[in-house]
Amino acid sequence: MPAPPWLLMSATLLAVVVAIAAQVRGHPRLATLCTISAVAGIAAARTETGSILPAPVQVLELAQQEPVAVRLRGVVATAPVVRLSEQDAFTPPWMRSDLSVCEVVCTHISRRAGQLEPVRGRIRLQATGHLLHVDVGERIELFGTLRFPEPLRNPGEFDYRTWLKGEGIAAVVHCDTPDAVRSLGLLERGGFDPHFWRSHIRERLRAVMARSVRPESLPVAVSLFLGDRTQLPAAMRDDFAASGMMHLLAISGLHVGILAGLVLLVCRLLRTGPVGTAMLVIASVWSFAFITEFRPPVVRASVLSTIVVLGWSSGLQGWGMNSLAVSAIVLLFWNPQNLFEPGTQLSFLAVIAILTAGPLLTRITRPRPSPLAPERGPVWRALEPVVRWMLASALLTSAIWFYTVPRAATLFHLIAPIGILLNIVLVPAIAVVLAVGFAFLGCGVLLPEVAWLPGWLFGTLLDLMLWLVREAADVDAGQMFIPGPSSGWLLVFYTLLLTASGLVPVRTVRRWAWRGVAVWFLAGLILALLPPRRDAFRCTFLSVGHGGAVLVECPDGTTLLYDAGTFGRGRVAARTIQDALAARGIYRLDGVILSHADVDHFNALPHLLPRVPIGSIMVHPTFFDPSQPAVKQACEELVRHGSVIRTVFAGDRLRVGEGVRARLLHPSAEVRDGRDNANSLVLEITVAGRTILLTGDIEDEGLDRLTRLPDRRVDVLMSPHHGSAAANPPQLVRWARPRNVVLSTRDLTQHEKLRDVYGADVMMYSTALHGAVTVTIDGEGNLAITTMRAG
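This is a predicted model, so every value here is computed, not measured.

Regarding the overall build of the protein chain
Line of reasoning, step 1. Along the backbone of the protein chain there are 25 helices and 25 strands.
Line of reasoning, step 2. For the protein chain, buried positions account for 47% of its 791 residues.
Line of reasoning, step 3. Taking the intrachain contacts of the protein chain between residues at least 6 apart in sequence as the baseline, contacts between residues at least 24 apart amount to 69%.

Observations regarding the side chain of E637
Line of reasoning, step 1. Within the secondary structure, E637 is located in helix α20 (residues 629-640).
Line of reasoning, step 2. You can call E637 buried: its relative accessible area is 18%.
Line of reasoning, step 3. Not counting residues up to four positions away in its chain, the partners in contact with E637 are P606 and L609.

Section: the sheet that holds strand β20 (residues 690-694)
Hydrogen bonds between backbone groups are what pair the strands of a sheet, and the pairing can be parallel or antiparallel.
Line of reasoning, step 1. The mixed open sheet is built from seven strands, whose spatial order is β17-β18-β19-β20-β21-β22-β23. Bordering the open sheet on either side are β17 (653-654) and β23 (763-766), each of which pairs with just one other strand.
Line of reasoning, step 2. With five bridges connecting them, strand β19 (residues 682-687) and β20 associate as antiparallel partners. Paired with V687 across the strands is R690, a residue of β20.

Considering the nonpolar core
Line of reasoning, step 1. Residues M209, V220, F240, F458 and M465 are the most contacted members of the largest nonpolar core, which totals 52 residues.
Line of reasoning, step 2. Elements supplying a minimum of two residues to this core: α5 (194-212), α6 (218-226), α7 (234-242), α8 (253-270), α9 (274-291), α10 (296-313), α14 (418-446) and α15 (452-473).
Line of reasoning, step 3. By size, the runner-up hydrophobic cluster in this structure holds 35 residues, among which are F90, L542, A549 and L551.

Topic: the sheet that holds strand β13 (residues 559-566)
Line of reasoning, step 1. Spatial ordering of the open sheet is given by β16-β15-β14-β13-β12-β11-β24-β25, a layout of eight strands whose pairing is mixed. Either end of the sheet is taken by a strand with one partner, and the two such strands are β16 (645-647) and β25 (783-787). Pairwise comparison of adjacent strand axes, ignoring direction, gives a mean angle of 20 degrees for this sheet.
Line of reasoning, step 2. Judged from the five bridges that link them, strand β24 (residues 773-777) and β25 form a sheet pairing that is antiparallel.

A short note on the packing of aromatic side chains
Line of reasoning, step 1. Considering all chains together, one arrives at 15 aromatic pairs under this definition.
Line of reasoning, step 2. An angle of 65 degrees between the planes, with centres 5.6 Å apart, marks the rings of F225 and F458 as edge-to-face. Taken together, the residues F225 in helix α6 and F458 in helix α15 connect sequence positions 233 residues apart. An identical accessibility class is assigned to F225 and F458; each is buried.
Line of reasoning, step 3. A network of ring pairs unites the aromatic residues F402, Y403, W489, F493, Y494, W520 and F521 as a single cluster.

Focus: α10
Line of reasoning, step 1. Across its 18 residues, α10 extends 26 Å between first and last C-alpha, which sits within 8% of the 26 Å expected from 1.5 Å per residue.
Line of reasoning, step 2. Burial within α10 is extensive, with 13 of its 18 residues counted as buried.

Things to note about the pattern of salt bridges
Line of reasoning, step 1. According to the stated counting rule, one finds 25 salt bridges in the structure shown.
Line of reasoning, step 2. With a shortest N-O distance of 2.8 Å, R71 and E141 are connected by a salt bridge. With R71 in strand β1 (residues 68-76) and E141 in strand β6 (residues 138-147), this pair connects stretches of sequence that are 70 residues apart.
Line of reasoning, step 3. On the basis of relative accessibility, which here comes to 2%, the residue E141 falls in the buried class.
Line of reasoning, step 4. The shortest N-O distance in the salt bridge between R206 and E203 comes to 3.7 Å. Of this pair, R206 and E203 both sit in helix α5, three residues apart, which is roughly one turn of that helix.

Regarding α14
Line of reasoning, step 1. A rise of 1.5 Å per residue sets the reference length of α14, with its 29 residues, at 42 Å; its end C-alpha atoms lie 40 Å apart and thus fit the reference within 8%.
Line of reasoning, step 2. The largest bend along α14 reaches roughly 40 degrees and is located at L426, with the proline P428 sitting one to four residues downstream.

Structural notes on the packing of α7 against α15
Line of reasoning, step 1. The interhelical angle for the contact between α7 and α15, taken along N-to-C directions, is 70 degrees, at an axis separation of 8 Å. As judged from the angle between their axes, α7 and α15 are roughly perpendicular. Across the interface between the two elements, D239, F240 and A242 of α7 pack against M465, L466, V469, R470 and A473 of α15.
Line of reasoning, step 2. Partitioned by chemical class, the residues of the contact of α7 with α15 number six nonpolar, no polar and two charged.

So, the confidence of the model for the protein chain
Line of reasoning, step 1. Of all residues in the protein chain, 88% have pLDDT values of 70 or greater, and the mean over the chain is 83.
Line of reasoning, step 2. Within the protein chain, helix α3 (residues 59-62) has the poorest average pLDDT of any element, 52, and strand β21 (residues 716-718) the best, 96.
Line of reasoning, step 3. Considering only residues more than four positions removed or in separate chains, one finds that residues 50-57, a stretch of pLDDT under 50, has 14 contacts.

Considering the environment of D756
Line of reasoning, step 1. Inspection of the secondary structure puts D756 in helix α24 (residues 755-758).
Line of reasoning, step 2. Taking the C-alpha atoms as reference, D756 lies 9.9 Å from P730; in sequence the two are 26 residues apart.

Some details on a positive patch on the surface
Line of reasoning, step 1. Together, R507, R510, R511 and R515 make up a region of like positive charge exposed at the surface.
Line of reasoning, step 2. Residue position: R507 is located in helix α17 (residues 507-529).

Let's talk about the environment of V351
Line of reasoning, step 1. Topologically, V351 is positioned in helix α12 (residues 342-365).
Line of reasoning, step 2. The spatial distance from the C-alpha of V351 to the C-alpha of I400 is 8.0 Å, given a sequence separation of 49 residues.

Remarks on the pairing of β19
Line of reasoning, step 1. By the criterion of burial, β19 is predominantly enclosed, with six of the six residues buried.
Line of reasoning, step 2. Here β19 shows two buried faces, one formed by V682, E684 and T686 and the other by L683, I685 and V687.
Line of reasoning, step 3. With six bridges connecting them, strand β18 (residues 660-666) and β19 associate as antiparallel partners. Bridge pairing in β19 links H666 to V682.
Line of reasoning, step 4. Counting the residues between successive antiparallel strands, the hairpin from β19 to β20 contains two residues, one of them, A688, with a positive phi of roughly 50 degrees.

Description of the pairing of strand β3 (residues 99-111)
Line of reasoning, step 1. Sheet analysis places β1 next to β3, joined by seven bridges and oriented antiparallel. Across the sheet, residue G74 finds its bridge partner in β3, namely C106.
Line of reasoning, step 2. Here three bridges tie strand β2 (residues 81-83) to β3, and the two strands are oriented antiparallel to one another. Within the sheet, the bridge partner assigned to V82 lies in β3 and is S100.
Line of reasoning, step 3. Two strands pair when backbone bridges link them, and β3 and strand β5 (residues 122-128) are joined in this way by seven bridges, in the antiparallel orientation. The residue of β5 that forms the bridge with E103 is R124.
Line of reasoning, step 4. With two bridges joining them, β3 and strand β4 (residues 117-118) adopt antiparallel strand pairing. Bridging from a neighbouring strand, I109 pairs with E117 of β4.

Here we look at unusual backbone geometry
Line of reasoning, step 1. P667 follows H666 through a cis peptide bond whose omega is -5 degrees.
Line of reasoning, step 2. Position of P667 among the secondary structure elements: in the loop between β18 and β19.
Line of reasoning, step 3. The backbone of R737 shows a phi angle near 45 degrees, a positive value even though the residue is not glycine.
Line of reasoning, step 4. According to the relative accessible area criterion, R737 is partly exposed, its value standing at 41%.

A closer look at the environment of V762
Line of reasoning, step 1. Tracing the chain through its elements places V762 in the loop between α24 and β23.
Line of reasoning, step 2. Residue classification places V762 among the buried positions, given a relative accessible area of 6%.
Line of reasoning, step 3. Put simply, V762 and D715 are 47 residues apart on the chain and 9.9 Å apart in space, counted from C-alpha to C-alpha.
Line of reasoning, step 4. Every residue in contact with V762, bar those within four places of it in the chain, is listed here: P738, R739, N740, V741 and R755.

Calculation rules
Residues numbered from 1 in each chain as written. Predicted model: local features only at pLDDT ≥ 70, side-chain atom pairs only at ≥ 80, totals over all residues. Heavy atoms only, no water. Helix = DSSP H or I, 4+ residues; strand = E, 2+ residues; numbered from the N terminus. Buried < 20%, exposed > 50% of the residue type's maximum accessible area, 1.4 Å probe, protein only. Contact = heavy atoms within 4.5 Å. Pairing = 2+ DSSP bridges. Core = buried A, V, L, I, M, F, W, Y, C linked by side-chain atoms within 4.5 Å. Axes fitted to C-alpha atoms, helices over the stretch in contact; angles between N-to-C directions. Phe/Tyr/Trp six-rings, centres within 6.5 Å; stacked < 30°, edge-to-face > 60°. Expected span 1.5 Å × (residues − 1). Salt bridge = Lys/Arg side-chain N within 4 Å of Asp/Glu carboxyl O. Bend = angle between axes of the 7 residues up to and from the residue. Parallel < 35°, antiparallel > 145°, perpendicular 65-115°, else oblique. Nonpolar A, V, L, I, M, F, W, Y, C, P; charged D, E, K, R; others polar. pLDDT = per-residue confidence, 0-100. Patch = residues over 30% accessible without salt bridge, like charges linked within 9 Å, V, L, I, M, F, W, Y side chains within 5 Å. Areas by Shrake-Rupley, 256 points an atom, 1.4 Å probe, with all protein chains shown as cover. Lys, Arg positive; Asp, Glu negative; His and termini not counted. Charge placed at Lys NZ, Arg CZ, Asp CG, Glu CD.

Okay, structure coming up:
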């Protein structure tokens, strides 16, 4: 149970008093300890009070797991942004609708056609379509469904509920159409409303960029300078991730440094004094932080820039680590959750890497002249600056990569070694692109008549950068999927690394810490390369909505995936599968079995192919139906990635290791036509006398062929066709005699509809209700079933 805020503030005040007394009496270590305790106390109090919404009613109290129809009034707090839908053959036409997202501060709410009552809280509004008729600061009335974000459904999944809580958002409201949102007029237009002015400035800058940048490159330009990635196509986002250049799309300290350098250059040309220059630089970087919505990396860089500039203008020089600590404290006061954001953590690690490598970089770029050095020829004297710059860039890139890659691997389960080489070229280039871009935006706002020249140069450089990124993304073996190290390994690694970087200013301690870092890193690398061994067989029915994805893990390390898809959102299903693989410590799939040619059973596969190594793809010949656009596109992706495709039939046995038998029961080689569902591949897995039957969408004549086989005693049956009544007739129950039935569905009540069919003695599990369902069988045949959610 969390401590009450008054107790936290009292303890904080006591720590401050003790810190002051200790400093006065000459006990600096005690003063430091008490200061750290005071900062932690303030952060804890800030977190607790920030999550408590004032009376009269909190939105959090009204939100439920089940959607509730509401009429709601409030004020738009953030500008609506449009998230583009998937536009491919794997997404049905009726699901290709864009989504508008914004945040709303609630003032009144009405439930079940009742009267409006006062309410407090911040909600996330999601409207299908383009929400163009409302803006920041407007009062709105909407009709939609209110619900609390769902708890975790799958292993390793992103915790959306916790993230929303950290952002101060109590619930989510969805509207089926933009017409369900009505504007009631402006609350405060301009004047004292900073949100309105920020939205206005961002739209003005977006319009300036649109005049000189090609439409294909505009989303990247907007991401570079405004931090808005909502318009970035999924394919382009994948290219940046595959090339190791994803950090270029994030607003970071590099942007602030380039902006500060440009302002310094202008101030020198105008011959402003130190104080005037400092004020202009500080105003510029904090204005940029305001425009980019005070993102934590920008706030961190702005604090560092402010300290450096103030020290320079007053003739003082500070220690980089102390300045970094001050920026961390500022972020802690701003929002304690910021320090737990992935972008913030990676930003701080990158800065620590730069500070640690700083002395060596100085020696490379500014070598001390030696009277004993041999005379260099004219060619070397001309090339020496370039060579030294490339060496410094390589060192800086390698240092940042070494500091950030373990944490990044844990977060994104992907590393791109090619990014190290590409960064050596692009780090200087991106600095030029940002400098020209800032100059272009400044001219576009202040001197639009002359903005065409920097605009043309910026667009050309941006297109060149995108070409390099696309070429790097197409390089084979340029990226690797990895599960990522454990939390315990990360804790030891970063403790040693920060100690070696100067957290403990004792040379002997730092020297031994560097040795510990090397040993610990090599040990983690060796353990990651060892093949996984498991003490039991495990089969996990992932919760992917109306679709299928069953992860089969054998004791010898062999891993299979039965189906890989969901209805309409293949990229989301692929992410679910990747997260589950990472959570299990799996870095490759030995085989993927696609039961049949329905898109909700394979549309995640094209998104898995570039990320996860796959041994072979197993299908029945009836899968290859060129009349279906989704099947045709999937086959093209398989060919493009050089995948091994095997056709399999009833009677084929799969090599899955000792103690596990996997055999296909249906369909036979003679089956060449009929409906896709009826031709589903049925896989029977036997482990230590226990049987699991995976059925796909088998029904009708396919079900008749299957039940003509000898009767079974199935321990775990995958309900055919997501629990459809037509695919679960009594004849299947009599033939399989299942003890447990698992439904892969999005219908929360479908399992209850089958209760009478299977009988009261059969345990029913639904991925919609229970989340992922995991079946574990040990060497003695003991079977256990666990779920991600209770129920």
